[in-house]
Amino acid sequence: MAFLQIVEPGLSTAPHQHRFAVGIDLGTTNSLVATVRSGSAETLPDASGSHLLPSVVRYFADQPPQVGQKARDSAGDDPLNTIASIKRLMGRGRCDVRRTGSHLPYEFAGCEEGMAVLKTAAGEVSPVAVSAEVLKVLKDRAESALGGELVGVVITVPAYFDDAQRQATKDAAYLAGLKVLRLLNEPTAAAVAYGLDRGSEGVHAIYDLGGGTFDISILHLHHGVFEVMATGGDSALGGDDMDHAIAEWILVQSGVGDGGDHHLVRQVLEMARIAKEELTTQASAPLQLTLPNGAVWQEALTRATFDSLIDPLVTRTLHACQRTLRDAGLSPVEVKNVVLVGGATRVPRVRARVAELFGREPIADLDPDRVVALGAAIQADILVGNKPADEMLLLDVIPLSLGIETMGGLVEKVIPRNTTIPVARSQDFTTFKDGQTAMVIRVLQGERELVRDCRSLARFELRGIPPLVAGAARIRVTFQVDADGLLNVSAQELSTGVRSSVQVKPSYGLTEAEVEQMLRDSLDHAREDVDVRNLREQQVEADRVLESLAHALSADAALLSASERNVIDAAAAEVARLRHGTDHRAIHGVLEQLERVSQEFAARRMNRSIQKVLTGHRLTEFSEGI
Ligand code: ADP
Ligand code: MG
């Protein structure tokens, strides 16, 4: 079964064997693979020593596709068969592509049902297949560097990727022969690379400026779990736009204008990219261009000029940051750390303006174009169990539902099984009795409807609930499962804020076979469980109604005539009788009957209590201020 990945290296008696796992940053512009060796994460280079693999694939009619730098270099000569930025089309239907991908130079098959497909010399290829080519190269690279087969990979995806985009990424990995341990959000990977998950709780902003995309993510670290509070950005803004800004400037300065041919423009763009990267460390970059008329144009691009060329682009990223912070209900000063990710954040002007916006120096000690892959590698290493025993229990998804006991011995599921972790869910509950000031919270695991058929994980009490009428108190129960499968359950009374909590490792001690058995039981007993649940619910309702009726009658019997009282008593007796039977519909029926006959009584009580309130005060109090 695919739903469970329990890794328990601590229980293994075999000598410890290192299990190779890698993290992959499958980027729009560049991709990388990283692993943890002797305790620290590092990206793996290819034979020529370069770590970044351009995410570009060139297809041929009669030979296998070419991936990486060579493919990127040939993009100008063979644009229709050279596929770049395929990440933009992952998980997109054909019609979506018509809308969002119209600026891409490729030929698309028609707008019908199904996934987008590109026409190449090698036939039609899907975005999944193109991504798989990139992944295969990284897989080979990792296996030859590590000298063995990979146990699994963690692949990163943008935080805003939807289910279809995530599934497409998994499909690509499958096609490349990789086992995906988990998909990880890129901003979370960056935060993990910096060890922020081990730091104090708070809000972190991840500013990711890549080649053609800008993403800003606001993460909240709580109990070691990152929650994505808000994401924003611009899917058509990145380092490549800086190249374009420089290229335009060169074309104007050199007098070529927009009369330059396609080939010349590509050449100028490449020159612009090199100049941009040089300006990261140098105050000026030399430019030289042979013009169509044969003359040679020479000029230096200074940092100051470059800064003014790119300022409008940087401003756009900052506006997106402000919008996203506003979505999260935060101001820039509330952000504890700003992490820089993406090659284009090397640009000093970008760093300076980000620092200015947030009022603090951003974190950028690691290589910004490697940080996502490094975080993914750390996560992969933990997932395959190359960690001490105290971090041993790792779950990809929750194998069995988690819930709490409610009245009648019933289980209310708070997190359904198969939910991916980390996860946090809340649900509100209330008191059953008037004046109830304490509550027992019993945490259960399993698919069955009754407490007795589920596994009890923990039990704790919430005290100090203010005494109110039944059903008036609001108790919020929050279940939170962190990335290591550790469950934290807390209960809080919302008006006073009193709270109490407990921590458990929910799957501890359960083997895969036991989990399967529990699931099989739940299927075998599904019908019967629903019946029992319905009955228990009606019984609980009957008890509640009878109890509150008894209370009302003892307080306000004077409001009823003898004959009215008889009708109510008869209906109540019927409820009490059927409550012990097994027919939930019958109980429901008599409960409705009882409600009908006591409606008038309830209305009189209501009027009376309003009168009581009024007579307790002088009338002027109420007219004051009117
Ligand atoms: P993506 O996440 O889109 O795959 P990357 O994070 O690899 O992209 O960023 C690629 C961008 O970073 C390119 O525009 C590249 O020119 C730019 N870049 C790389 N190195 C530098 C540098 N030293 N100075 C400025 N920009 C750089
Ligand atoms: Mg990236």
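Above this text sits the structure in question.
Here goes a summary of the coordinates provided. (Residues numbered from 1 in each chain as written. Chains lettered and ligands numbered in written order. Predicted model: local features only at pLDDT ≥ 70, side-chain atom pairs only at ≥ 80, totals over all residues. Heavy atoms only, no water.)

In this section: the overall build of the chain. Helix and strand counts for the chain come out as 15 helices and 25 strands. Within the chain, buried positions represent 47% of all 626 residues. For the chain, long-range pairs separated by at least 24 residues make up 65% of all intrachain contacts whose partners lie at least 6 apart in sequence. By element, 51% of the accessible surface of the chain is carried by carbon and sulfur atoms, the whole surface being about 29900 Å². (Helix = DSSP H or I, 4+ residues; strand = E, 2+ residues; numbered from the N terminus. Buried < 20%, exposed > 50% of the residue type's maximum accessible area, 1.4 Å probe, protein only. Contact = heavy atoms within 4.5 Å. Areas by Shrake-Rupley, 256 points an atom, 1.4 Å probe, with all protein chains shown as cover.)

Right, let's get into the environment of D171. Among the structural elements, D171 can be located in helix α4 (residues 163-175). D171 gets classed as partly exposed once you look at its relative accessible area, which sits at 34%. Sequence separation between D171 and G91 is 80 residues, and the spatial gap between their C-alpha atoms is 9.9 Å.

Next up on the list: α4. Compared with an ideal rise of 1.5 Å per residue, which puts 13 residues at 18 Å, α4 spans 18 Å between its outermost C-alpha atoms and is within 8% of the ideal. Of the residues making up α4, those classed as buried are Q165, A168, T169, A172 and A173. Down the axis of α4, the buried side of the element spans an arc of 140 degrees, and every buried residue falls inside it. Along α4, the residues that are exposed and aim more than 90 degrees away from the buried face are D163 and Y174. (Expected span 1.5 Å × (residues − 1). Arc of directions from axis to C-beta.)

This paragraph deals with the packing of aromatic side chains. Across all of its chains, the model carries 2 aromatic pairs by this definition. Centre to centre, the rings of Y160 and F161 are 6.0 Å apart; their planes meet at 70 degrees, and the pair counts as edge-to-face. Assessed through its relative accessible area of 7%, F161 is described here as buried. (Phe/Tyr/Trp six-rings, centres within 6.5 Å; stacked < 30°, edge-to-face > 60°.)

Next up on the list: the sheet that holds strand β13 (residues 214-222). Judged by pairing direction, the sheet is mixed, and its 4 strands sit side by side in the order β14-β13-β12-β17 without closing on themselves. Each having just a single partner strand, β14 (225-234) and β17 (337-341) make up the two edges of the open sheet. Averaged over neighbouring strand pairs, the angle between their axes works out to 20 degrees when direction is ignored. Pairing geometry for β13 and β14, over 9 bridges, is antiparallel. Residue I218 lies in a different strand from β14, and its bridge partner there is A230. (Pairing = 2+ DSSP bridges. Axes fitted to C-alpha atoms, helices over the stretch in contact; angles between N-to-C directions.)

Right, let's talk about empty space enclosed by the protein for a bit. In this approach a probe as big as a water molecule rolls over the atoms, and the regions it shows empty are the leftover space. Summed over the entire model, instances satisfying the criterion amount to 4 cavities of 30 Å³ or more. Taken as a whole, the largest cavity holds about 90 Å³ of empty space. Surrounding the largest cavity, 14 residues form its lining, L26, G27, K87, M90 and S131 being those nearest its centre. Where the lining of the largest cavity is concerned, the elements lending two or more residues are α3 (127-146) and β10 (152-157). Residue composition of the lining of the largest cavity, grouped by class: 7 nonpolar, 6 polar and 1 charged. Of the volumes computed, that of the second largest cavity is approximately 60 Å³. The wall of the second largest cavity is formed by P158, A159, Y160, E186, P187, I206, D208, D215, S217, V341 and V372. Counting only elements with at least two residues in the lining of the second largest cavity, the list comes to α5 (186-193), β12 (202-209) and β13. Residues that form the lining of the second largest cavity fall into these classes: 7 nonpolar, 1 polar and 3 charged. (1 Å grid on protein atoms, 1.4 Å probe; cavity = no way out; pocket = protein on both sides within 12 Å on 5 of 7 lines; lining within 4 Å. Points joined across faces, edges and corners; volume = space filled by probe spheres on them. Nonpolar A, V, L, I, M, F, W, Y, C, P; charged D, E, K, R; others polar.)

Locating K87 in the fold gives a position in the loop between β7 (82-84) and α2 (94-100). Discounting chain neighbours no more than four positions away, the residues touching K87 are L26, G27, T28, P158, F161 and E186.

The end-to-end C-alpha separation of helix α6 (residues 239-253) is 21 Å, in line with the 21 Å expected for 15 residues at 1.5 Å each. Residues of α6 that are buried: G239, M242, D243, A245, I246, A247, W249, I250 and L251. Contacts made by the buried residues of α6 are with β12, α7 (262-278), β15 (284-290), β16 (296-302), α8 (303-327) and α9 (348-358). Positive phi appears at G255, one or two residues downstream of α6, with a value of about 80 degrees.

For the rest of this paragraph, the subject is the pattern of salt bridges. Within this structure, the stated rule accounts for 31 salt bridges. Notably, a salt bridge pairs E42 with R37, separated by 3.2 Å at the nearest N-O pair. For R37, a relative accessible area of 31% gives the class partly exposed. Salt bridges sharing partners connect three or more residues here, namely R346, D367, D369 and R370. (Salt bridge = Lys/Arg side-chain N within 4 Å of Asp/Glu carboxyl O.)

On to the pairing of β15. Going residue by residue along β15, you find A285, L287 and L289 tucked away on one face and S284, P286, Q288 and T290 left uncovered on the opposite face. The sheet contact formed by β15 and β16 spans 7 bridges and is antiparallel. Within β16, the position partnered with T290 by the bridge is V296. Here β15 folds back onto β16 in antiparallel fashion, the turn holding 5 residues, of which G294 has a positive phi close to 95 degrees.

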